[in-house]
Amino acid sequence: MTASVEEIRAEVKKLLDEGAVKYVIGYRNGSAGPFAAPAFFTGAGEADELVWDPTCFHNLARFLADERREDVCAPEAEEDGKKPVGVVVKGCDSRAVAVLLQEKFVDRDAVYLIGVSCEDGGVIDEGKLARKLGTAKVEKIEFGVDGGFVVTTDEGPIKIESADILDDRCVECRAAYPVVHDVVIGEQVDRKPEEPYGSLDEIESLAPEERWEFWERELGKCIRCYACRSICPMCYCDECVADTIAFAVTADTTADEKAQKIKWVERSPDNSENFFYHLVRAMHLAGRCIDCNECERACPVDIPLRLLNKKLEKEAKELFDYDVGFDPDVPSLISSFRDEDPEDFIR
Amino acid sequence: MNDRFEPKIVAFLCKWCSSAGSDLAGVSRMQYPANVVPITVMCSGGVSPLYIFSAFKRGADGVLVSGCHPGDCHYIKGNLYARRRLALVKELLEHVGLEPERFQMSWVSAAEGAKYTELIKDFVDTLRPLGPQAKLRRRV
Amino acid sequence: MKKTGVFVCHCGINIAGTVDVKKLTEELAKYPGVEFSEDYVYMCSDPGQNMIIDAIKENDLDNVVVACCSPTLHESTFRNACEAAGLNPFLCEIANVREQCSWVHRDMDEATEKAIKITRSITEKVQLNEALEPISVPVTQRALVVGGGVAGIQAALDLANSGYETILVERSPSIGGHMSQLSETFPTLDCSQCILTPKMVEVSKHPNVKLMTYSEVQEVTGFVGNFRVKILKKPTYVDPGACTLCDECTKVCPVVLPNEFDMGLTGRRAIYIPFPQAVPATFTLDDKGCPGLLPIACGKCADVCEPGAIDYDMKPEIIEEEVGAIVVATGYDLYDKEKMAEYGYGKYPDVLDGLQFERLLSASGPTGGKVLRPSDHEEPKEVVFIQCAGSRDPELHCAYCSKICCMYTAKHAMLYKHHVHDGQAYIFYIDIRSGGKDYEEFVQRTVEEDNVLYLRGKVSKIFEEGGKLKVWGVDTLTGKDIEIDADMVVLAMAMRPSAGAAEFAKKLKIGLDKDGFLAEAHPKLRPVESVTSGVFLAGAAQAPKDIPEAVAQASGAAAKAINILSRDQLFHAPMVARVNENLCTGCEMCVMVCPYDAIKLEEDVATVNEVLCEGCGTCMATCLRAAIEVKNLRTQHVYDMIGACLVEI
């Protein structure tokens, strides 16, 4: 079973009808291909265009960062402008919102969270789907009745087992039911993956030199387009250490400051610069990345970025018993410690 | 000078314990290899992962971060934040295949000149057989 | 680019012996931004300092690097010299090429190369330094003394006599501490109470002293010159103003508890006065044992109290005080009983610790000054004293020497002989440590005039047999096994920091040493200061010490406190955190990690209280937005320093 799109539409329609929200961020059909795309619903009449299917990959929490920026730009907004923004959130997306709440980047009363339970489902992996179906042209992908998927191609509908095309992050998901929400559509589930960090097994089993070769090959592909950064709901800094272009220049910025702006990393996509960028990004996301895996999906050269972020999520759990994005009220991973934190690596 | 490889090491020492411990090694005329250039910071808690990555990128063969023992931090608990943050740095560096020996963290108190001396000797001995650190170094 | 002057010190041959100072000077002269580079044999000498002053003036230098010894030694010397030349002192930095370079290496090429890198790195740093002004902070001209033993009393008196209002907090019902329990004091044998009680009375009657007994410091916030303290005043259930000390209440009180003042050798009632000369002179109702606080229970003491001084409804109070300096004199406890099981301590009633023996010797003690065995009230004829019970035993007990036991054991043995002329005293010892004025002579008197038998060696076992305490030991001087049938054994137990000292140290943000005593800021040069500015140490809380030492340290701590209190303003180092408001998103991570609560959110942006900030930089490493940085050690400074460390020479 899975949450019904009708129920989601009804909720969105109600919110917009009542004027309870400024607008709703959800999904509608994409302009090309069978995949859903993020959409902003401002009128109740548009609600019927909302979709809910296994291609709703996008982490819509991403758009809250932009919302907050506008907020800062127009602090004296009209009454209407102060209404919360409705957002459709899967379990993973709700964890991202939890982190944004934890970092006080988003106020709880600035969002109305329309949670959707993934129950026993999740989103598909485009790559797995392509490998499964080969050249067949996919028209539609829907949730099956028994946890699998129904994919309609130009040759008609096919049933596909969940295991075949479910995204890895959904296989390892620990929050199929939203952790923060104002309303939830779908059944309450408590899904516990057998191996929450199973996708790391392979790389962790490699010898250090093999690991190095793996990352040298993968990160060597990076063209530094920063798609991973642009799509990440946690990458909301105005200024990024990774490039000097995003340096926030204000009226107070002196010429000295501009000249002195540290070049931590060169813009050229050399391997050493790519490593630096991705290491810094991984550290920056430690204790913040909730494994929506949008970075990897957005990456045009297919770098397995999830293996970097997932590694630190795993270490946060195993070394410090820290769960990312489950409780907005606890101190963040790096702004806290326990007396018993391991120090066997320290001499 | 002979031909053996001399690793270049940057050491971030907290002012109150580790730098003072290193001073004590000097006062006691202990001897250790000259491969380490110390940078005194106020507290190990102030050592950003950026410093470590940047040192490797700019050619360090090894990086050491040293602070006060838990409970002895001049700033009460800065070293405990460092312990957590740098544990993640260490895991990450190993995850991408850097030799684990190249990043070292230690607790050296103001009284532990001898420990600092041993630490540096051992660090240099460990790094020598590894040769130059080429993985994260900027290639120009 | 700013113009830097580099000054290389030879320190005689201390630096020049291993570092090629000429090459160092030349290399630095070539470094970008260096306008002037010179070396001199002793930079810290007057001619050396003048060289810096002249060079600043003549070359219009913007900043200065001195390559010399550790900044802990001469940083202020050179910063003052810069100031004399009109340069802001924070534009002067020290490159440590002695302790961290010339003294730890032998090969001149290697040491020189390293010294060049160190000096270049500091040059990069100083190029980015800003001129800073010390932050001035007003001073609350009052003091807090924690602990009402002889050290605390002395410190409070010194502060009060200098004109400063002083709060003296003691957690037990009376001040006096362990000294009030002692019989006579070495080496003069004057009666402890006789010399202490005048001070107790003086401090309690002093117009500048606010005495708070039966009170505990709960919370300390703030910083030097401006501490805010919360003190818990525990209820005594007795109004000291009304109590006439008639003692009727103790006659009816049905509850008997061990008497702490007599070290458990006697009992006391739940309502009690700790000892006759207690200050303040009043009764205290110990609510741990008393059933009367329950409505239907006892209530007998209130029934017999004619002036109606007993009030079961008295509540604990939290009193807030503001002070500028704190003296910690929390004293000592004896080593845990349970840990000395091998000597039968806690098992046999006639195995006593030193303080219990003091009570037996004391005229006001449980036996009225007669030395009698607790078990049968017989006069002991053979008494064995064992030194280092728990001290100097790194394997099993405390590694350190408790320092006062040699002297008080000699005193115990001597006083025992004064009481029991036909008795024999034996002392097992490892060494006799009798350093101190007239101390050695005192020990000699014990041996020669009172015929006390000193046995060099350890006791292996004590057990009861035939009404005697069998003491097995060895005399390492003769190599013979010793067996003594003793009537009483007195253990010179190790001194430990008093219970709760560790938690209290945490509240004050001061450190502990490896043995749990409060840590001084420097073992030689700052022995009465803690690492936290404005908090000073006195007495046995810092290390085992005897009365004259505790009193001397207390006066020292008071003088240090007065040093702060006598000023209207203090100056705080200006290397504090600064927020870039444009980058701060208000995530509060810096607020959470700051050890000093120096950062608060104001209008969604982090704001630093510069007076509280100590500049540790933990906020800087935590901030995800690079929105907070410590002045003169910003990320940029470190970035440039790393570069200079790694560039080939």
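Residues numbered from 1 in each chain as written. Chains lettered and ligands numbered in written order. Predicted model: local features only at pLDDT ≥ 70, side-chain atom pairs only at ≥ 80, totals over all residues. Heavy atoms only, no water.

## Here we look at the overall build of chain C
When its secondary structure is counted, chain C shows 17 helices and 34 strands. Reported as C-alpha extents along the three principal axes, the dimensions of chain C are approximately 90 × 65 × 40 Å. Out of the 649 residues in chain C, the part that is buried amounts to 58%. A fraction of 69% describes how many contacts in chain C between residues 6 or more apart in sequence connect residues 24 or more apart. When the accessible surface of chain C is split by element, carbon and sulfur atoms take 51% of a total near 26300 Å². Both charge centroids of chain C, one from 63 positive and one from 92 negative side chains, sit 2 Å from each other. (Helix = DSSP H or I, 4+ residues; strand = E, 2+ residues; numbered from the N terminus. Buried < 20%, exposed > 50% of the residue type's maximum accessible area, 1.4 Å probe, protein only. Contact = heavy atoms within 4.5 Å. Areas by Shrake-Rupley, 256 points an atom, 1.4 Å probe, with all protein chains shown as cover. Lys, Arg positive; Asp, Glu negative; His and termini not counted. Charge placed at Lys NZ, Arg CZ, Asp CG, Glu CD.)

## Section: unusual backbone geometry
All names here are of chain C. With an omega of -10°, the peptide bond between phenylalanine 186 and proline 187 qualifies as cis. As for its position among the elements, proline 187 is in the loop between strand 8 (184–185) and strand 9 (190–191). The phi torsion at cysteine 388 lies on the positive side, around 55°, for a residue other than glycine. In this structure, cysteine 388 sits in strand 21 (residues 382–389).

## Comments concerning the side chain of C:Lys631
Within the secondary structure, C:Lys631 is located in the loop between strand 34 (628–630) and helix 17 (635–646). Not counting residues within four places of it along the chain, the set of residues in contact with C:Lys631 comprises C:Glu130, C:Leu132, C:Pro574, C:Met575, C:Val576, C:Arg578 and C:Glu610.

## Concerning the pairing of strand 26 (residues 480–486) of chain C
A regular strand places its side chains so that they alternate between the two faces of the sheet. In the sheet, strand 25 (residues 468–475) of chain C pairs with strand 26 of chain C via seven bridges, with the strands oriented antiparallel. Bridge pairing in strand 26 of chain C links C:Leu469 to C:Ala486. (Pairing = 2+ DSSP bridges.)

## Regarding the interface of chain C and chain B
Contacts between chain C and chain B engage 42 residues on the former and 43 residues on the latter. Regarding the contact of chain C and chain B, the summed buried area is about 3700 Å², with carbon and sulfur atoms giving 62% of it. It is C:Gln100, C:Trp103 and C:Leu646 that lose the most area in chain C upon contact with chain B, and together they represent 18% of the buried surface on that side. Linking chain C with chain B are one salt bridge. Where C:Glu648 meets B:Lys8, a salt bridge forms, and the shortest distance between an N and an O atom there is 2.7 Å. The interface formed by chain C and chain B holds 16 residue pairs in polar contact (both at pLDDT 80 or more) in total. Within the residue set of the side of chain C that touches chain B, elements represented by two or more residues are helix 4 (98–102), helix 5 (108–128), helix 15 (589–593), helix 16 (618–622) and helix 17 of chain C. (Buried area = accessible area lost by both parts, 1.4 Å probe. Salt bridge = Lys/Arg side-chain N within 4 Å of Asp/Glu carboxyl O. Polar contact = N/O pair within 3.5 Å; in protein donor to acceptor, adjacent residues only side chain to side chain.)

## Topic: the interface of chain B and chain A
Taken together, the contacts link 39 residues of chain B with 45 residues of chain A. At the boundary of chain B with chain A, total buried surface from both sides reaches about 3900 Å², with 66% on carbon and sulfur atoms. Of all residues in chain B, B:Arg84, B:Leu88 and B:His95 bury the most surface against chain A, accounting for 22% of the area lost on that side. Counting across the chain B and chain A interface gives seven salt bridges.

## Concerning the pattern of salt bridges
Residues and elements named next belong to chain B. Tallied over the entire structure, the rule returns 87 salt bridges over all chains. One salt bridge in this structure joins arginine 137 and aspartate 61, with 3.2 Å as the shortest N-O distance. Placement of arginine 137 in the segment after helix 4 (113–127) and of aspartate 61 in the loop between helix 2 (49–57) and strand 3 (62–67) is noted, with a sequence separation of 76 residues between them. Look at aspartate 61 and you get buried, because its relative accessible area is 2%.

## Details of the environment of C:Met493
Residue and element names in this part refer to chain C. Within the secondary structure, methionine 493 is located in strand 27 (residues 488–493). It is 13 Å that separates the C-alpha atoms of methionine 493 and methionine 263, two residues lying 230 residues apart in sequence. In contact with methionine 493, not counting residues within four places along its chain, are Leu334, Tyr335, Asp336, Met340, Tyr345, Asp353, Ala389, Cys405 and Tyr408.

## A few points about the sheet that holds strand 11 (residues 215–223) of chain C
Residue and element names in this part refer to chain C. In spatial order, the strands read 11-12-17; together these three strands make up an open sheet with antiparallel pairing. Bordering the open sheet on either side are strand 11 and strand 17 (317–323), each of which pairs with just one other strand. Mean inter-strand twist for the sheet, computed between neighbouring axes without regard to direction, equals 20°. Pairing analysis gives seven bridges linking strand 12 (residues 226–233) to strand 17, with the strands arranged antiparallel. Within the sheet, the bridge partner assigned to lysine 233 lies in strand 17 and is glutamate 317. (Axes fitted to C-alpha atoms, helices over the stretch in contact; angles between N-to-C directions.)

## What to know about the pairing of strand 4 (residues 111–116) of chain A
All names here are of chain A. Counting buried positions along strand 4 gives five out of six residues, so the element sits mostly inside the fold. As paired strands, strand 3 (residues 85–89) and strand 4 are joined by five bridges and run parallel to one another. Bridging across to strand 4, valine 89 finds its partner in glycine 115. What joins strand 3 to strand 4 is helix 3 (residues 91–102), and the crossover it makes is right-handed. Where strand 4 lies against strand 8 (residues 183–185), three bridges are found, and the strand directions are parallel. In the strand pairing of strand 8, valine 116 is matched with isoleucine 185. (Right-handed = clockwise from strand over helix to strand, strands pointing away.)

## Structural notes on the packing of aromatic side chains
Applying the stated criterion to the full structure yields 22 aromatic pairs over all chains. Their ring planes at 25° and their centres at 4.7 Å tell us that A:Trp212 and A:Phe275 sit as a pair that is stacked. Remark: A:Phe275 occurs in helix 11 (residues 271–285) and A:Trp212 occurs in helix 8 (residues 208–219); sequence separation between them is 63 residues. Since its relative accessible area comes to 7%, A:Trp212 is described here as buried. Its relative accessible area of 0% is what places A:Phe275 among the buried residues. Ring geometry for C:Tyr429 versus C:Tyr454: centroids 5.6 Å apart, planes at 75°, classification edge-to-face. With C:Tyr429 in strand 22 (residues 424–429) and C:Tyr454 in strand 23 (residues 453–456), the pair connects residues that are 25 residues apart, well separated along the chain. By the ring-pair criterion, three or more aromatic residues cluster together here, those being A:Tyr23, A:Phe40 and A:Phe63. Stacked on the ring of A:Phe276, the Lys or Arg B:Lys57 has its end atom at 5.4 Å from the ring centre. A cation sits over an aromatic face here: C:Arg268 above C:Tyr272, 3.6 Å from the ring centre. (Phe/Tyr/Trp six-rings, centres within 6.5 Å; stacked < 30°, edge-to-face > 60°. Lys NZ or Arg CZ within 6 Å of the ring centre and 35° of its normal.)

## Overview of the environment of C:Val209
All names here are of chain C. Position of valine 209 among the secondary structure elements: in strand 10 (residues 209–212). A C-alpha to C-alpha distance of 40 Å links valine 209 and isoleucine 432, two positions 223 residues apart in sequence. Setting aside anything within four residues of it in sequence, one finds valine 209 in contact with Ala156, Ala160, Thr166, Leu168 and Val203.

## Notes on the state of the cysteines
Counted under the stated rule, the structure contains two disulfides over all chains. Covalent S-S linkage joins B:Cys17 and B:Cys68, the inter-sulfur distance amounting to 2.4 Å. Disulfide B:Cys17 to B:Cys68: torsion about the S-S bond roughly 100°, handedness right-handed. Taken together, the positions of B:Cys17 in the loop between strand 1 (9–14) and helix 1 (18–27) and B:Cys68 in the loop between strand 3 and helix 3 (78–95) put the pair 51 residues apart, joining distant regions of the chain. When sorted by exposure, B:Cys17 lands in the same class as B:Cys68, which is buried. Disulfide pairing is shown between C:Cys191 and C:Cys194; the S-S distance is 2.3 Å. Residues C:Cys191 and C:Cys194 are joined through a disulfide that is right-handed, its torsion about the S-S bond being 85°. A:Cys228 provides the cysteine sulfur closest to A:Cys222, a residue in no disulfide bond, and the two sulfurs are 6.4 Å apart. Here C:Cys68 is not disulfide-linked; the sulfur of C:Cys69 is the nearest cysteine sulfur, at 4.4 Å. (Disulfide = S-S within 2.5 Å.)

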